[in-house]
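Given next are the chains, with one letter for each unit.
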Amino acid sequence: MKATGGREMTGKRRGVGTVISFALAALVMIYLSYQVPRLLPGDFVTAMYASSQVTLTAEEAADLRAYYAQEGGFGGYLARVLTLDWGYSYAFLTPVSELFFEALPWTLLLLGTAHLLSMAAGFVGGVEAAWRHGRVAEKGLVGGMTLLEGMPEISTGVILLFVFALNLNWFPAVGAETAYADLGGIDRLGNILHHLALPLTTLILAYVPGNFLLTRNSMILVLRAPFIQTARAKGLPPIRIRYAHAARNALLPLATRFGLRLAFMITGALVIERIYAYPGLGTLLFNAIQARDLPVIQSVVLMSSIGVLGVILCLEAAYRLIDPRIRNAH
Amino acid sequence: MHINRKEVLRDPWFVAGLCLALAFGFVALLGPALAPYDPWNMGFEPIASPDSRHLLGVNDGGQDILSELLYAVRNTVAFGLLSGLAALGLGVAAGLAAGWYGGPVDAFLMRLADVLLAVPAVMVLILAAALFRPEPWVLALLLAVFAWPTISKTIRAQTLSLRTSLHVKAAVRMGASGRYILRRHLLPEMFPLYLIGFAAKARMAMFMEASLAFLGLFDPSRKSLGMMISYALKFYYMDIWWHWLMPPVLCLSLLIMGVTFLAVGLEKVLDPRLRTVTGEPV
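Residues numbered from 1 in each chain as written. Chains lettered and ligands numbered in written order. Predicted model: local features only at pLDDT ≥ 70, side-chain atom pairs only at ≥ 80, totals over all residues.

(A) Molecular detail of the overall build of chain B. Helix and strand counts for chain B come out as 11 helices and zero strands. Listed N to C, the secondary structure of chain B is α-α-α-α-α-α-α-α-α-α-α in terms of helices and strands. Across its three principal axes, chain B shows a C-alpha extent of roughly 75 × 45 × 30 Å. With 282 residues in all, chain B has 47% of them scored as buried. A fraction of 70% describes how many contacts in chain B between residues 6 or more apart in sequence connect residues 24 or more apart. (Helix = DSSP H or I, 4+ residues; strand = E, 2+ residues; numbered from the N terminus. Buried ≥ 20, exposed ≤ 12 C-beta atoms within 10 Å, placed from the backbone. Contact = placed C-beta atoms within 7 Å.)

As structure tokens, this is what we get:
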């Protein structure tokens, strides 16, 4: 799904073009985040906080208005974004950037692990399934994965919470680690993994089917190609044919799909964090929405959007590593 | 390109999806007539277990859960259909224009598509919902603005290959205008692709609606599956799982499954690359 214009553009120029259009997209987002609160009719500070659980003193309201008046214009706002001066949260009584960087590691841990594991599992599963194409086990696996593909994260999350946390009591229902437990070293790591298990499983169950089905479908096509027949005729061991020869070709669609879907997969992650009260950005955002805490909502929205842009940009570079045809083009 | 009706109806996924979609369509259309009570009526005994008058019990606000559920399904389905249709319209228009006119039109539209694909739509929707508290249909259309690019890429690729097909070349030779060819030849020919794109986008929109409602971004008086799950989850330690929490969870799962199966079934029958030599879909 390489974008267009690729016909005339060389690989290198395309790379530069991508960086520029992503930088522009990031700037547009920062600009919107700067401009949008001003588009609100009337005194939005009063309007926002009227339905909030927090009551502002006159002084705090004046501070907030001053913050949103943005004396320095867009340049000033941009400088504030870059220097992590994102305002003050009146609901949590903490600077916004502090809240953000407290929550960020948990989200990265949860999402990063979920994506890595589900990519690996979906890829290997898909390759093996395509290799056994037509057998009963493969048909069953494909059926099961299609069924799972239809399960939204909210439902899987709630069901896993019910079965494993509340009924069987195998896993904790809330948090990322036991509060005030003061565990050290290995014990703390174990505790964190114990808390991670359920949200992680939910996300993996949501991500694996897509990866699996895509890999299997592209592998089935690859396995019909003449070069696979050559490899077989040479008498190579099947595992080598599968991974060294065929699977490489199924990797690129997988990476493409990841780039296309990442922006949408964020939605599920937000919901899962809220279900398990996992202290990442999703929960922070949810609490901020409940409290109508505008500076926090704004910062989380802006920063995570820019984060997703960054990941997709890195992915563009990774294409070149996966596929020498792109690297060596022209 | 056309759909072989018999083949599609032989596909078990498609049939399952069709049954689910019809069932939910029925509930969505007739929801208000089927609901035993007004879902906003708060006059019943709060947190009551199911009995003969309230089949699914009563929630913490004293509202009949079954009536809430019927209205919620209706709202989620409507959101999904509207957003899916809008995304389809935008995607088809952009894909046709990019593929047919090429050049700067193509470059611009596809660059725009790339950038929109990289923006997490949910973040924009959250910001819009938190600041402006818009009507749900505004959010549905806003979501469509971020959802069209994948459709347009498929349509563009297909347009490029159709451009060189004989009948289109013949139409050009006979002096047909670009607009005429787009409308009379290209637009109807790609119909099956629209179904797949629409199903995929409607699915995504319904999931998005449930998530946004779950996060509390819609008007609290608007009934939604996500909001019901979110409210019921607050009482997770009580005996409410089977009549309060599971019904919306089950409805949401079946709804999303239905649309997913429709898309899977159509894709399987339509993707010529996934066929064996004998023409059987794999």
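After that view, the rundown keeps rolling.
(B) Region of the structure containing the confidence of the model for chain B. Residues and elements named next belong to chain B. When pLDDT is averaged along chain B, the result is 82; 91% of the residues meet or exceed 70. Long-range and interchain partners of residues 277–282, a stretch whose pLDDT sits below 50, account for nine contacts in this model, where long-range means more than four residues apart. Listed scores for the predicted complex are pTM 0.83 and ipTM 0.79. (pLDDT = per-residue confidence, 0-100.)

(C) Local environment of the nonpolar core. The biggest cluster of nonpolar side chains holds 155 residues, and the ones touching the most others in it are Ile297(A), Val300(A), Leu125(B), Ile126(B), Leu143(B), Met206(B) and Ile229(B). Once residues lying within four places of it in the same chain are set aside, the contact partners of Met206(B) are Thr76(B), Phe79(B), Gly80(B), Leu255(B), Ile256(B) and Val259(B). (Core = buried A, V, L, I, M, F, W, Y, C linked by C-beta atoms within 7 Å.)

(D) Fine view of the packing of helix H4 (residues 103–118) of chain B against helix H6 (residues 136–163) of chain B. Residue and element names in this part refer to chain B. At a minimum axis separation of 8 Å, H4 and H6 run at an interaxial angle of 130°. When the interaxial angle is binned, H4 and H6 end up oblique. For the pair H4 and H6, the crossing hand works out as left-handed. Here Leu 109, Ala 113, Leu 116 and Leu 117 of H4 come into contact with H6, specifically with Phe 146, Pro 149, Ser 152 and Lys 153. (Axes fitted to C-alpha atoms, helices over the stretch in contact; angles between N-to-C directions. Parallel < 35°, antiparallel > 145°, perpendicular 65-115°, else oblique. Left-handed = near helix turned anticlockwise from the far one by under 90°.)

(E) Structural view of helix H5 (residues 96–131) of chain A. End to end, H5(A) covers 51 Å across 36 residues, agreeing with the expected 52 Å (1.5 Å per residue, within 8%). Of all the bends found along H5(A), the most pronounced is centred on Leu104(A) and spans about 30°, while Pro105(A), a proline, follows it within four residues. (Expected span 1.5 Å × (residues − 1). Bend = angle between axes of the 7 residues up to and from the residue.)

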